[in-house]
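Here is how the chains run, residue by residue.
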Amino acid sequence: MLKKLFKPFRRQRKGPEQPTVLEAHEHQLSCADFSRNSANVAVRLQHAGFQAYLVGGCVRDALLGITPKDFDVATSATPEQVRQEFRNSRIIGRRFKLAHVHFGRELIEVATFRSNHSQEDESNNDRSAHDASGRILRDNVYGSMEDDAQRRDFTMNALYFDVSSERVYDYSTGFADIKRGLIRLIGDPEQRYLEDPVRMLRAVRFAAKLDFEIEDSTAEPIRRLAHLLADIPAARLYDEVLKLFLSGNALRTYELLREYDLFAQLFPGTAKALLRHPENVDRLLRNAFKNTDKRVNMDRPVTPAFLFAALLWPSLTVRAISLQNDGMHPLPAMQEAAHQVLLEQVQRIAVPKRFSIPTREIWDMQERLPRRAGKRADTLLAHPRFRAAYDFLLLRESAGEDTQELGNWWTQYQDASDSQRREMISNLSSKSTTARKRRRKPRTSKPKHTAPGHE
Ligand code: ATP
Ligand code: MG
């Protein structure tokens with residue numbers, strides 16, 4: 001009796017397949033929390049006789065008071081039926097077939113309810129397929145709203161908002177988990193990771209973004225199954241890595257990726273460098289992520305080229321030193337190491353050329369920034385990659401690399417007047433001639449190749 005009186009919400013659970021229905025006053029959401037276009041898409045589909053709800057990240061974020069960055073609609077209409085309803089739509093995807101409805105710059109993703117396909121569906125390879133380890137290869141078997149909820153990843157991502165009634169439908173424990181700050185996989189965690197190992201990265205990403213805990217049974221298999229990421233296509237991992245590190249929570253994400261042994265799966269070379277030089281490499285990465293987060297949170301542009309330059313620098317330097325130890329000169333050793341490191345990395349994470357080329361330029365500039373004599377400093381300053389290269393130099397210094405005050409020099413040079421610049425350059429050449437003279441004295445043979453980092 002007492003329990004009844006104090007029960008905060010009048011929730012109705014009719015049977016195992018029936019969702020918990022939350023009324024507007026229980027969840028505090030309204031249509032105003034969602035973009036007008038997304039609400040209109042849902043209403044139009046409902047008027048056409050289909051079920052349609054806002055779903056996933058937008059409902060989760062709105063419940064947490066975060067402005068959703070995009071809006072997804074789940075519907076009983078097939079992509080073709082959605083296409084017929086909206087002239088401004090397109091069908092996309094193969095692994096997941098979806099309809100995209102375009103309103104100027106806003107894009108609403110409309111997905112048909114899918115089911116966690118049973119074994120019989122496996123005979124129909126066009127619609128659904130798993131590989132030997134249970135990984136989902138294609139997922140186009142349509143189902144009911146409840147089926148759709150079961151195949152979503154986390155309970156917090158399986159909430160459906162009905163714009164007409166302003167009710168939230170919860171088929172698992174999403175609403176309660178959001179209140180408790182818990183990331184919980186729907187179903188058997190191990191099986192869900194086997195179906196799609198990327199869910200391990202998603203768990204970490206959401207934990208960092210929302211400052212949530214990963215619930216114990218959802219967390220437990222991750223270290224054991226981290227190696228499954230090796231089977232994920234490099235193009236998909238590239239998309240995930242950008243979301244991991246360019247969403248404003250890179251530092252926390254990095255800590256969690258390391259905690260769950262996922263970092264080494266994504267960046268094996270960097271993970272090895274971390275074992276060799278734990279403190280310096282960790283400091284460089286942390287500083288890189290801190291800077292990136294600051295920029296993202298101030299809405300300033302960030303480029304994946306800089307991110308990969310930082311993430312791979314430790315492995316590049318380890319490689320270059322080992323090539324030098326094998327007798328290669330420092331400059332070609334850096335070039336060769338850069339080439340090898342990128343080649344290996346793109347097999348795991350498909351960094352497109354439009355970013356890997358500037359990554360290399362940022363690295364190459366590290367070799368050029370110390371050479372400032374004559375007209376070189378001004379040529380470097382005018383280089384389109386100068387700013388990124390200079391920021392990268394400061395990053396290296398912040399992690400304890402000794403560059404002989406080079407960052408400071410460049411900071412002053414940028415702020416200096418023309419005459420001050422000329423003076424800085426001449427100071428430089430007088431310093432380097434005395435250095436050269438002093439060095440040359442005892443030598444009788446030809447001077448050796450100059451190491452990078454010296455004038
Ligand atoms: P955000 O957009 O903030 O990254 P999100 O939850 O919207 O978060 P999306 O990648 O946009 O993430 O996916 C939309 C929804 O699709 C998710 O909320 C989830 O319900 C479902 N989903 C996405 N990826 C998976 C997956 N790998 N396995 C199962 N369900 C998934
Ligand atoms: Mg989303």
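A quick note: this is a predicted structure, and the numbers were derived from the prediction, not measured.

What follows is about the site of ligand 1. Lining the immediate environment of ligand 1, one finds 17 residues, of which Arg60, Arg152, Asp196, Arg199 and Arg205 sit closest. Measuring from an oxygen atom of ligand 1, one finds a side-chain N or O atom of arginine 60 at 2.9 Å. With respect to ligand 1, the side chain of arginine 152 contributes an N or O atom lying 2.9 Å from an oxygen atom. Here ligand 1 has 580 Å² of accessible area as a free molecule, and 86% of this is covered by the chains. Among the elements of the structure, α4 (57–63) and α9 (198–210) are those that each provide at least two residues to the shell around ligand 1. The biggest single contributor to the shell around ligand 1 is α9, with five residues. When its residues are assigned to classes, the shell around ligand 1 shows one nonpolar, three polar and 13 charged.

If you walk through the whole model with that rule in mind, you get 25 salt bridges. Taking the shortest distance from any N to any O, the salt bridge between arginine 202 and aspartate 153 comes out at 2.6 Å. Of this pair, arginine 202 sits in helix α9 while aspartate 153 sits in the loop between α6 (145–151) and β9 (159–162), and the two are 49 residues apart along the sequence. Ionic pairing is found between glutamate 361 and arginine 385, a salt bridge with its closest N-O pair at 2.8 Å. A residue pair is termed long-range when its members are at least 10 positions apart, and glutamate 361 in helix α18 (residues 353–368) and arginine 385 in the loop between α19 (376–381) and α20 (386–398) qualify at 24 residues. Taking the relative accessible area as the measure of exposure, glutamate 361 reaches 27% and is therefore partly exposed.

Next up on the list: the pairing of strand β10 (residues 167–170). Sheet analysis places strand β1 (residues 20–22) next to β10, joined by three bridges and oriented antiparallel. Along β10, the bridge assignment pairs valine 21 with tyrosine 169. When β9 meets β10, the two strands line up antiparallel, connected through four bridges. Bridged to aspartate 162 within β10 is arginine 167. What sits between β9 and β10 in their antiparallel hairpin is a turn of four residues, with glutamate 166 showing a positive phi close to 60°.

Attention shifts here to the environment of arginine 396. On the secondary structure map, arginine 396 appears in helix α20. Residue classification places arginine 396 among the buried positions, given a relative accessible area of 10%. In sequence terms arginine 396 and valine 281 are 115 residues apart; their C-alpha atoms lie 9.8 Å from each other. With near-sequence residues (within four places) excluded, arginine 396 lies in contact with Leu284, Trp313, Gln366, Glu401 and Thr403. At a separation of 2.8 Å, a polar atom in the side chain of arginine 396 contacts the side chain of glutamine 366.

What follows concerns helix α15 (residues 278–297). Owing to its 3.6 residues per turn, the α-helix brings residues three or four apart onto one side. For α15, spanning 20 residues, the distance from its first C-alpha to its last is 28 Å, which sits close to the expected 28 Å at 1.5 Å a residue. When α15 is considered as a whole, its buried residues turn out to be Val281, Asp282, Leu284, Leu285, Asn287, Ala288, Phe289, Thr292, Asp293 and Val296. For α15, the elements touching its buried residues are α11 (234–245), α12 (250–259), α13 (263–266), α14 (268–276), α16 (304–325) and α20. Of the residues one or two after α15, aspartate 299 is the one with positive phi, at around 60°.

Next up on the list: α11. For α11, which comprises twelve residues, the first-to-last C-alpha distance of 16 Å matches the rise-based estimate of 16 Å (1.5 Å per residue) to within 8%. Residues of α11 that are buried include every one of Ala234, Leu237, Tyr238, Glu240, Val241, Leu242, Leu244 and Phe245, and no others.

Turning our attention to unusual backbone geometry. The backbone of glutamine 404 sits at a positive phi, close to 55°, despite the residue not being glycine. Here glutamine 404 shows up in the loop between α20 and α21 (406–415). Accessibility expressed as a relative area gives 52% for glutamine 404, which makes it exposed. In this model, glutamate 405 sits at a positive phi of 65°, which is unusual for a non-glycine residue. Residue position: glutamate 405 is located in the loop between α20 and α21.

What counts and how
- Sequence positions are assigned chain by chain, starting from 1 and proceeding in written order.
- All chains are assigned letters beginning at A, and all ligands numbers beginning at 1, according to the order in which they are written.
- With the structure being a predicted model, the display of local features is reserved for residues of pLDDT at least 70 and the display and counting of side-chain atom pairs for 80 or more, all residues being used for whole-chain, interface and lining totals.
- In computing side-chain values, all of the structure's heavy atoms are included and hydrogens and water are not.
- Residues are labelled near a given molecule or strand when at least one of their non-hydrogen atoms is within 4 Å of it.
- Contacts described as polar in this section are N or O atom pairs within 3.5 Å, which, within protein, must combine one atom able to donate a hydrogen with one able to accept it, while residues neighboring in sequence count only if both atoms come from side chains.
- What sets the accessible areas is the Shrake-Rupley method with a 1.4 Å probe; for residues, cover comes only from the shown protein chains.
- Helix and strand assignments follow DSSP, with helices taken as H or I runs no shorter than four residues and strands as E runs no shorter than two, numbered in order from the N terminus.
- Gly counts as polar in this scheme, as do all residues outside two lists: the nonpolar Ala, Val, Leu, Ile, Met, Phe, Trp, Tyr, Cys and Pro, and the charged Asp, Glu, Lys and Arg.
- What counts as a salt bridge is simple: a side-chain nitrogen of Lys or Arg found within 4 Å of a carboxyl oxygen of Asp or Glu.
- Each residue's exposure class comes from its accessible area (1.4 Å probe, protein chains only) as a fraction of the maximum for that residue type: buried when under 20%, exposed when over 50%, partly exposed otherwise.
- A pair of strands is treated as paired once DSSP finds two or more bridges between them.
- Whether two residues are in contact is decided by their heavy atoms, any of which lying within 4.5 Å being enough.
- Helix span, expected: 1.5 Å multiplied by one less than the number of residues in the helix.

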